[in-house]
Amino acid sequence: MTQGIKLVIPAQPEYLSLVRSVVAAAAALDPGLGDARIEDLRIAVSEATTNAIEAHANLGSEERITIRCDLADDRIEVEVQDHATTGFDPADLEAPGPLDAPGRLDYEGGFGIPLMRVLADEMKIRSLDHGTAVQLVVYASPFNKD
Amino acid sequence: MVVMLNVSVSSLASWTVLRVSGEIDMATCPQLRQEIVGQISQGNLQLVIDLDAVDFIDSTGLGVLIGGLKRARSQGGDLRVSGVDERLERIFDLTGLRDVLAVVDPTDPDREVGVDQ
């Protein structure tokens, strides 16, 4: 059986903390998820939501962002969907070079997508007609990769 | 909705310590960036960012630390961090930040340390 919640927020950074709190509280309902995995999910969801807020800001979009959180028996799935009209190509967002590479310090961003990839057990980015959806999945034990 | 990050500033030998509490994300990082830039422009080039009371940091916050490090070093200074617990260390490791950002003893920022247990 799947249970879930849906959160619709203005595309503003002030709501990030709320999103993290709600997702962490939902994840805590799953007895198979330990604190470390909930923390992983909290960061990954924050990254995805930050990207969505940036996408809206870049386009001056007033649309809202939707965060769906589904609790299944063996996993928690979170989908962050923005409604910015131009979806991005994940291939454009490959990790920058190593931090000690010459000139790397000139570039302060680019950690978000690689972090999501390592913190979640699965991450998928889908381009939609009107926006982008990022799906993050964290499995409960025994698939727990901690 | 008001989101606040608290930053208190103190001096320790040649170091200026910025003790941060709260959550560092897209909403609060402009405040931390402003504090760091302000200190450097006042000539306080040896900075320690104490993260002991930070409940959350994401890539946006890490970007501010890198920006501060770069700015301090470009003027002959340095930026170090303290109060890094296992949770934060994991994020530092995953992003490679650990290789460029020194984690120091909050009572002696000249001394590099491991992680708080």
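Residues numbered from 1 in each chain as written. Chains lettered and ligands numbered in written order. Predicted model: local features only at pLDDT ≥ 70, side-chain atom pairs only at ≥ 80, totals over all residues. Heavy atoms only, no water.

## Regarding the side chain of A:Glu47
Inspection of the secondary structure puts A:Glu47 in helix α2 (residues 35–59). Here A:Glu47 is buried and forms no salt bridge, its nearest opposite-charge partner A:Arg20 lying at an N-O distance of 8.5 Å. Looking at A:Glu47, its side chain comes within polar contact range of the side chain of B:Ser59, at 2.5 Å. (Helix = DSSP H or I, 4+ residues; strand = E, 2+ residues; numbered from the N terminus. Buried < 20%, exposed > 50% of the residue type's maximum accessible area, 1.4 Å probe, protein only. Lys, Arg positive; Asp, Glu negative; His and termini not counted. Salt bridge = Lys/Arg side-chain N within 4 Å of Asp/Glu carboxyl O. Polar contact = N/O pair within 3.5 Å; in protein donor to acceptor, adjacent residues only side chain to side chain.)

## Notes on the pairing of strand β4 (residues 122–128) of chain A
Residues and elements named next belong to chain A. Relative to strand β5 (residues 131–139), β4 runs antiparallel, the two sharing seven bridges. Residue pairing in the sheet places Arg126 in a bridge with Ala133 of β5. Taking the residues that link successive antiparallel strands as the turn, the β4-β5 hairpin has two residues. (Pairing = 2+ DSSP bridges.)

## Concerning the sheet that holds strand β1 (residues 6–12) of chain B
All names here are of chain B. Strand order in the open sheet formed by four strands is β1-β2-β3-β4, with mixed pairing between adjacent strands. The open sheet terminates on both sides in strands that have one partner only, identified here as β1 and β4 (78–82). Strand-to-strand, the axes of this sheet are offset by a mean angle of 25°, without reference to chain direction. With eight bridges connecting them, strand β2 (residues 15–24) and strand β3 (residues 46–57) associate as parallel partners. Counted as the bridge partner of Leu18 is Ile49 from β3. (Axes fitted to C-alpha atoms, helices over the stretch in contact; angles between N-to-C directions.)

## Here's the deal with the packing of α2(A) against helix α3 (residues 112–119) of chain A
All names here are of chain A. Axis separation between α2 and α3 bottoms out at 9 Å; the angle between their running directions is 150°. Put simply, α2 runs roughly antiparallel to α3. Judged by the sense of rotation from one axis to the other, the crossing of α2 with α3 is left-handed. Judged by residue contacts, Arg37, Asp40, Ile43, Ala44, Glu47, Ala48 and Asn51 of α2 engage Gly112, Ile113, Leu115, Met116 and Leu119 from α3. Classifying every residue of the contact of α2 with α3 by side-chain character gives seven nonpolar, two polar and three charged. (Parallel < 35°, antiparallel > 145°, perpendicular 65-115°, else oblique. Left-handed = near helix turned anticlockwise from the far one by under 90°. Contact = heavy atoms within 4.5 Å. Nonpolar A, V, L, I, M, F, W, Y, C, P; charged D, E, K, R; others polar.)

## Considerations on the interface of chain A and chain B
Accessible area lost upon the coming together of the parts is a frequently used measure of interface size. Listed as interface residues are 25 residues of chain A and, on the opposing side, 26 residues of chain B. For the pairing of chain A and chain B, the buried interface totals around 2,400 Å² over both sides, and the portion due to carbon and sulfur atoms is 66%. For the interface between chain A and chain B, the tally reads five salt bridges. Of the charged contacts in the structure, one is a salt bridge between A:Asp40 and B:Arg90, with a shortest N-O distance of 2.4 Å. On the surface where chain A and chain B come into contact, there are eight residue pairs in polar contact (both at pLDDT 80 or more). Examining the composition of the side of chain A that touches chain B, we find that nine residues originate from one element, α2(A), more than from any other. Class assignment for the residues of the side of chain A that touches chain B results in 11 nonpolar, four polar and 10 charged. (Buried area = accessible area lost by both parts, 1.4 Å probe.)

By themselves, these figures tell us nothing about what the structure is for.
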